[in-house]
Amino acid sequence: LFLYNLFGSSGINAEYGGRARPDKKKVLLMGRSEAGKTSMRSIIFANYIARDTRRLGATMDVEQSNVRFLNNLVLNLWDCGGQDAFMETFFTSQKDVLFSNVEVLIFVFDVQSSDVQKDIEKYQSCIETGIMKYSPDAMIFCLVHKMDLIPKAQRDMLFSKRKEELEHLSKPLKISCYATSIWDETLYNAWSKIMSLLIPNVGQLKEKLKKFADHINADEVLLFEKATFLVVAHHMRKEHNDGNRFEKISNIIKQFKLSCNKMQSFFRSIEVRNSSFAAYIELFTANMYIMVVMSDPQVCSAAVQLNINNAKRYFKDTDQSGTM
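**Some details on empty space enclosed by the protein**
Turning to step 1, where the next piece is worked out: With the rule as written, the count across this model stands at 2 cavities of 30 Å³ or more.
Turning to step 2, where the next piece is worked out: A volume near 60 Å³ is recorded for the largest cavity.
Turning to step 3, where the next piece is worked out: If you trace the largest cavity, you find it lined by Phe-109, Asp-110, Val-116, Asp-119, Ile-120, Val-144, Arg-162, Glu-165 and Leu-166.
Turning to step 4, where the next piece is worked out: When residues of the lining of the largest cavity are traced back to their parent elements, those giving at least two are β4 (104-110), α6 (116-134) and α7 (152-170).
Turning to step 5, where the next piece is worked out: Classifying every residue of the lining of the largest cavity gives 5 nonpolar, no polar and 4 charged.

Here it is as structure tokens:
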């Protein structure tokens with residue numbers, strides 16, 4: 001009864017058998033050849049591990065795919081080939097088709113490109129010929145990729161310089177920049193930030209998560225999308241000094257989940273406990289995992305599991321409709 005009063009009743013849209021129509025978003029993934037676009041797409045959405053992306057071939061023209069995320073969001077993902085011949089047609093004969101109705105542009109830069117000026121020219125053509133004319137309200141993300149190839153001591157300075165240049169070139173449009181690599185958590189950090197901006201009513205989901213965390217006195221509560229293990233939403237009640245811990249967890253747990261799949265096992269839950277904290281990760285709804293972190297040593301596992309199970313039905317509507 002308390003949980004019912006806490007969350008309230010949740011009406012379900014009767015359309016499409018009790019589910020709302022999925023919100024479809026057009027996403028352009030662009031960049032010059034060998035920038036790493038298809039590798040990152042395959043890791044995030046096709047369950048590749050980093051070393052296996054070496055066998056991927058170059059993208060020819062445009063590869064379109066529809067990716068369902070949380071069941072109420074569909075990404076219409078356009079992975080655009082980066083060879084010069086293809087990019088030339090993108091900015092001429094195909095520009096009205098390619099750049100119309102774009103919700104998100106993700107442009108990937110190879111940090112060790114042999115021709116940085118040409119990378120910049122292609123990006124400027126993308127912005128000026130395409131986005132500003134056909135989709136001026138699109139969100140723009142620039143990923144400075146393959147940062148693992150740069151000595152660690154030089155990464156921050158190099159990224160700051162590239163970010164400043166790209167922000168200047170993009171005016172009057174606003175952009176977000178991320179340093180990424182397929183070999184660490186930075187890839188999950190960037191894509192989690194991008195996806196969180198696309199999820200319908202994510203603010204209401206965060207508020208619901210806050211109520212749950214406050215009710216059970218948890219230090220932190222996170223929701224991960226089931227297939228990608230990207231962070232959907234989180235609420236933190238206790239400060240932590242590692243700002244990238246969520247993405248590290250995404251990376252580690254997804255690798256563990258893929259290992260389970262190879263052994264024909266299904267990853268459902270895991271508990272990690274020491275003298276300072278306990279962390280619980282388990283399947284929460286049809287399309288989300290939850291992680292609950294507790295530092296109170298008096299709280300037993302069974303109590304946490306009971307609270308998680310009781311809360312499931314008040315979150316599952318996020319998998320069934322775009323309203324909460």
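**Thoughts on the packing of aromatic side chains**
Turning to step 1, where the next piece is worked out: The full count for this structure, using the stated rule, is 12 aromatic pairs.
Turning to step 2, where the next piece is worked out: Where Phe-107 meets Phe-109, the ring centres are 4.9 Å apart and the plane angle is 45 degrees; that geometry is what we call tilted. For the pair formed by Phe-107 and Phe-109, the shared burial category is buried.
Turning to step 3, where the next piece is worked out: Ring centres of Phe-229 and Tyr-289 lie 5.1 Å apart, and the angle between their planes is 40 degrees; on these two criteria the pair is classed as tilted. You can see Phe-229 sitting in the loop between β7 (220-225) and β8 (231-236) and its partner Tyr-289 sitting in strand β11 (residues 288-294), a full 60 residues away along the chain.
Turning to step 4, where the next piece is worked out: Ring pairs connect the aromatic residues Phe-224, Phe-229, Phe-256, Phe-267 and Tyr-289, which therefore count as one cluster.
Turning to step 5, where the next piece is worked out: Over the ring of Trp-78 we find Lys-26; its NZ or CZ atom is 4.1 Å from the centre of that ring.
Turning to step 6, where the next piece is worked out: Above the plane of the ring of Phe-315 lies Lys-208, whose end atom (NZ or CZ) is 6.0 Å from the centre.

**With respect to the environment of Ile-140**
Turning to step 1, where the next piece is worked out: Within the secondary structure layout, Ile-140 lies in strand β5 (residues 139-145).
Turning to step 2, where the next piece is worked out: Classification of Ile-140 by relative accessible area gives buried; the value is 3%.
Turning to step 3, where the next piece is worked out: For the pair Ile-140 and Val-104, spaced 36 residues apart in the sequence, the C-alpha separation amounts to 5.9 Å.

**What about the pairing of β8?**
Turning to step 1, where the next piece is worked out: Strand direction decides the pairing type here: β7 and β8, joined by 5 bridges, are antiparallel. Among the inter-strand pairings, Glu-220 is bridged to a residue of β8, identified as Met-236.

Criteria and thresholds
- Residues numbered from 1 in each chain as written.
- Predicted model: local features only at pLDDT ≥ 70, side-chain atom pairs only at ≥ 80, totals over all residues.
- Heavy atoms only, no water.
- 1 Å grid on protein atoms, 1.4 Å probe; cavity = no way out; pocket = protein on both sides within 12 Å on 5 of 7 lines; lining within 4 Å.
- Points joined across faces, edges and corners; volume = space filled by probe spheres on them.
- Helix = DSSP H or I, 4+ residues; strand = E, 2+ residues; numbered from the N terminus.
- Nonpolar A, V, L, I, M, F, W, Y, C, P; charged D, E, K, R; others polar.
- Phe/Tyr/Trp six-rings, centres within 6.5 Å; stacked < 30°, edge-to-face > 60°.
- Buried < 20%, exposed > 50% of the residue type's maximum accessible area, 1.4 Å probe, protein only.
- Lys NZ or Arg CZ within 6 Å of the ring centre and 35° of its normal.
- Pairing = 2+ DSSP bridges.

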